[in-house]
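Structural description and commentary
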Amino acid sequence: MYMPNKPAKYGLKIQCLTDVTNSNLYNAYIYTGKDSESFGLGGEEKKFLKPTQAVLRQAKPLFNSCRNITTDNWYSSIQLVDVLGNNNWTYVGTVKKQNKAKIPPSFQPNKKRVENSTLYGFRKNANFLRWESWKTGMHNRRFNDPNNKKPEIISYYNENKGGVDSLDEKCSKTPRVAALDVIFVIFFRLLDISVVNSYILHQCYKNNPIIKEKSVFGMRLAMQLVEDHMRRRRRLTMTVIPRELRTTIGRILGVPDPQEEAGKDDLILEKRKICHLCPSKKRRMTKYLCLSCKKPVCLQCTKPVCNNCAQK
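Reference entry: report on the structure contained in this document. (Residues numbered from 1 in each chain as written. Predicted model: local features only at pLDDT ≥ 70, side-chain atom pairs only at ≥ 80, totals over all residues. Heavy atoms only, no water.)

The next subject is the pairing of strand S5 (residues 119-122). Note: S5 against strand S6 (residues 127-130), four bridges, orientation antiparallel. Considered in S6, the bridge of Leu119 is made with Arg130. Counting the residues between successive antiparallel strands, the hairpin from S5 to S6 contains four residues. (Pairing = 2+ DSSP bridges. Helix = DSSP H or I, 4+ residues; strand = E, 2+ residues; numbered from the N terminus.)

This is the structure:
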């Protein structure tokens, strides 16, 4: 999609619902067009505003769990506050005076107000706060934060607004892979998010060893996922994969190359013999021995290990 206000004008838009305490991704979807927000919603819910639909699509499985959602001004509306309030959710978010017709005129900018002054407005299940234009549906207290002299609602918003940005920052530390296809871009991003979620779950269990760096955890996780496959591939396809690749796999696994350990002279016969794998009619002569069974084997049947030993 085209985003003129972003440094990268064109890109993929993914709506995310994350936990602000640890950046764990709970739900997300890829924006594919004007009707992508209403996917999975009921008939009445599809009549809501698009930002409200975007929130409902992700947060609906968690309704009646007494949680709070903190968003920016694109999602904020009285409609969203009412819908979340009816499902035991609270909401904190900013409001722009543009395109927000339900904001009372008294909350508009006024040069006569004292600096850092606060103006509150209350309705049935929502509060308005005029201190650089804020709105919330959660807090009923009016006292200011004693640490920075800001209203408590603003301090709460500043502490909880960075869940998605924190997740994006953790994923951005992963080395980038050049990919021209959109499918690969999405796939690599999902891998990054999966590593972050796995790292969070790993740290939640007390019996697991503590790993301070996510990058170290990602390397160990990747190694555990491919280790069995590399061992199986190295054992069963000794005659297929190139020697350099086989040596690299052995170095990663910490397994020495059997051809390097055994001297080449031990595998070469002084007098050629018939290959024990070829048909007797061919009577194919060879000077090489199988590394495992020490039987003569020609190069067309195998290279250091014969097919029979490779299957053991």
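This part covers the nonpolar core. Judged by nonpolar contacts, the single largest core of 18 residues is most densely connected at Leu84, Trp89 and Tyr91. Taken together, the elements giving at least two residues each to this core come down to helix H1 (50-59) and helix H2 (78-86). (Core = buried A, V, L, I, M, F, W, Y, C linked by side-chain atoms within 4.5 Å. Buried < 20%, exposed > 50% of the residue type's maximum accessible area, 1.4 Å probe, protein only.)

Most of H1 sits inside the fold, with eight of its ten residues counted as buried. Here H1 has its buried residues at Pro51, Thr52, Gln53, Ala54, Val55, Leu56, Gln58 and Ala59. The inward-facing, buried residues of H1 contact strand S1 (14-18), strand S2 (25-30), strand S3 (68-71) and H2. (Contact = heavy atoms within 4.5 Å.)

Turning next to the packing of H1 against H2. The N-to-C vectors of H1 and H2 enclose an angle of 25°; their axes lie 9 Å apart at closest approach. It follows that H1 is roughly parallel to H2 by the angle criterion. By crossing handedness, the relation of H1 to H2 is classed as right-handed. Residues Thr52, Val55 and Leu56 of H1 pack against Gln79, Leu80, Val83 and Leu84 of H2. Residue classes in the contact of H1 with H2 are distributed as five nonpolar, two polar and no charged. (Axes fitted to C-alpha atoms, helices over the stretch in contact; angles between N-to-C directions. Parallel < 35°, antiparallel > 145°, perpendicular 65-115°, else oblique. Left-handed = near helix turned anticlockwise from the far one by under 90°. Nonpolar A, V, L, I, M, F, W, Y, C, P; charged D, E, K, R; others polar.)

So, about the pattern of salt bridges. Overall, the coordinates contain five salt bridges when judged by the stated rule. Its salt-bridge partner being Glu45, residue Lys60 comes within 2.9 Å of it at the nearest N-O pair. Here Lys60, found in the loop between H1 and S3, pairs with Glu45, found in the loop between S2 and H1; they are 15 residues apart in sequence, far enough to count as distant. What makes Glu45 buried here is its relative accessible area of 19%. (Salt bridge = Lys/Arg side-chain N within 4 Å of Asp/Glu carboxyl O.)

Moving on to unusual backbone geometry. For Ser23, which is not glycine, the phi dihedral falls at a positive 65°. Its place among the elements puts Ser23 in the loop between S1 and S2. You can call Ser23 buried: its relative accessible area is 2%. A positive phi is found at Asn64, a non-glycine position, where the angle reads about 65°. Within the secondary structure, Asn64 is located in the loop between H1 and S3.

The tally for this structure, following the rule as stated, stands at zero disulfides. Here Cys301 stays unpaired: no disulfide links it, and the sulfur of Cys298, its closest cysteine neighbor, is 3.4 Å away. (Disulfide = S-S within 2.5 Å.)

This part is about the packing of aromatic side chains. For the coordinates displayed, the defined rule picks out six aromatic pairs. Both rings, one in Phe63 and one in Trp89, keep their centres 6.3 Å apart while their planes meet at 70°; by these two values the pair is edge-to-face. Taken together, the positions of Phe63 in the loop between H1 and S3 and Trp89 in the loop between H2 and strand S4 (90-94) put the pair 26 residues apart, joining distant regions of the chain. The side chain of Lys13 reaches across the aromatic face of Trp74, ending 4.7 Å from its centre. Positioned above the aromatic ring of Tyr29, the side-chain terminus of Arg57 is 4.0 Å from the ring centre. (Phe/Tyr/Trp six-rings, centres within 6.5 Å; stacked < 30°, edge-to-face > 60°. Lys NZ or Arg CZ within 6 Å of the ring centre and 35° of its normal.)

Within the element layout of this structure, Ser65 appears in the loop between H1 and S3. Ser65 sits in the partly exposed class, given a relative accessible area of 29%. Put simply, Ser65 and Asn87 are 22 residues apart on the chain and 8.3 Å apart in space, counted from C-alpha to C-alpha. Within polar-contact distance, the side chain of Ser65 engages the backbone oxygen of Leu62 at 2.4 Å. (Polar contact = N/O pair within 3.5 Å; in protein donor to acceptor, adjacent residues only side chain to side chain.)

The grouping of Leu12, Ile14, Val182 and Val185 at the surface amounts to a nonpolar patch, some 290 Å² of accessible area in total. Tracing the backbone through its elements, the reader meets Val185 in helix H5 (residues 182-204). You can call Val185 partly exposed: its relative accessible area is 36%. (Patch = residues over 30% accessible without salt bridge, like charges linked within 9 Å, V, L, I, M, F, W, Y side chains within 5 Å. Areas by Shrake-Rupley, 256 points an atom, 1.4 Å probe, with all protein chains shown as cover.)

Those residues of H2 that fall on the buried side of the exposure criterion are Ile78, Leu80, Val81, Val83 and Leu84. Just past H2, the residue Asn88 takes up positive phi, approximately 60°.

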